[in-house]
Amino acid sequence: MSGEYDITYFDPQEVEFFYGNGTTMHFRHKGTDYPNVSIFRTFPFSKPYEYISIWNEDTELGVIKSVDQLDDESEAVLRRELHVRYVVPEVKRIQSIKEEPGLWIFELLTDRGPLKLMMRNIHEHLELLPPNRIIITDMDGKRCEITNIKELDLHSRKELSKVI
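Peer 1: How should I be thinking about the nonpolar core in this particular structure?
Peer 2: In summary, soluble globular proteins display a tendency toward joint burial of nonpolar side chains. Ranked by internal contacts, the top residues of the largest apolar core, which has 19 residues, are Ile 94, Phe 106, Leu 117, Ile 136, Ile 146, Leu 160 and Val 163. Elements that contribute at least two residues to this core include exactly strand 7 (91-100), strand 8 (103-110), strand 9 (113-119), strand 11 (133-137) and strand 12 (143-146). Apart from residues no more than four positions distant in its own chain, Leu 160 is found in contact with Ile 94, Ile 97, Ile 134, Ile 146, Ile 149 and Leu 152. Counting residues in each nonpolar core, the second largest holds 17 residues, with Phe 17, Met 25, Leu 61 and Leu 82 among its members.

What follows is the structure, given as structure tokens:
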């Protein structure tokens, strides 16, 4: 296969990310500047800083294999932009997990405040990741993360045991 399915991987030595006037991120590749580019994770959970897709309006320019390979300034810019784009609240406490007819309701306390998530088929909305992480996504696409099940308090772990 070729053509529309080809992926361009950028050489980290040939690219630069920086801020223009204000907070818009710019991208430079071999001396060509692209103002106000967008970035997207291709593996948002398992590899948050690898395989980052770079877009100019509605066209993908290419992919950065790892932000760790970039110069320090470019790496800092990309990490900041990824953090802003992919804000995922961290669960600090599970207040309750209740099952109502045809619906599961999670009431959580996160590092960004209280959060209520509702979902129908619970196992489609929980993504268990090694070593002890869980990504929870509700019916509306709201997301949060338990970064380490073992660090939750006893009440939270008891509530979580209802569903895993």
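Peer 1: Which parts of the structure should I look at to understand the pairing of strand 5 (residues 50-56)?
Peer 2: Regular strands show a simple pattern: their side chains alternate between the two faces of the sheet. Across four bridges, strand 4 (residues 38-41) lies against strand 5 in antiparallel orientation. Each residue of the ladder has a partner; that of Phe 40, found in strand 5, is Ser 53. Bridging between strand 5 and strand 6 (residues 59-66) involves six bridges; their strand directions are antiparallel. Of the residues in strand 6, the one forming a bridge with Ile 54 is Gly 62.

Peer 1: Looking at this structure, how should I read the packing of aromatic side chains?
Peer 2: The geometry of two aromatic rings is summed up by the distance between their centres and the angle between their planes. One pass over the full model with this rule turns up five aromatic pairs. A ring pair is formed by Phe 40 and Trp 55, whose centres lie 6.4 Å apart and whose planes are at 90 degrees; its orientation type is edge-to-face. Residue Phe 40 is located in strand 4, and its partner Trp 55 is located in strand 5; the two are separated by 15 residues in the primary sequence. Joined through ring pairs, the aromatic side chains of Phe 10, Phe 17, Phe 27 and Tyr 34 make up one cluster. The lysine or arginine in question, Arg 41, covers the ring of Tyr 49, its NZ or CZ lying 5.3 Å from the ring centre. The side chain of Arg 79 reaches across the aromatic face of Tyr 49, ending 4.1 Å from its centre.

Definitions and limits used
Residues numbered from 1 in each chain as written. Predicted model: local features only at pLDDT ≥ 70, side-chain atom pairs only at ≥ 80, totals over all residues. Heavy atoms only, no water. Core = buried A, V, L, I, M, F, W, Y, C linked by side-chain atoms within 4.5 Å. Buried < 20%, exposed > 50% of the residue type's maximum accessible area, 1.4 Å probe, protein only. Helix = DSSP H or I, 4+ residues; strand = E, 2+ residues; numbered from the N terminus. Contact = heavy atoms within 4.5 Å. Pairing = 2+ DSSP bridges. Phe/Tyr/Trp six-rings, centres within 6.5 Å; stacked < 30°, edge-to-face > 60°. Lys NZ or Arg CZ within 6 Å of the ring centre and 35° of its normal.

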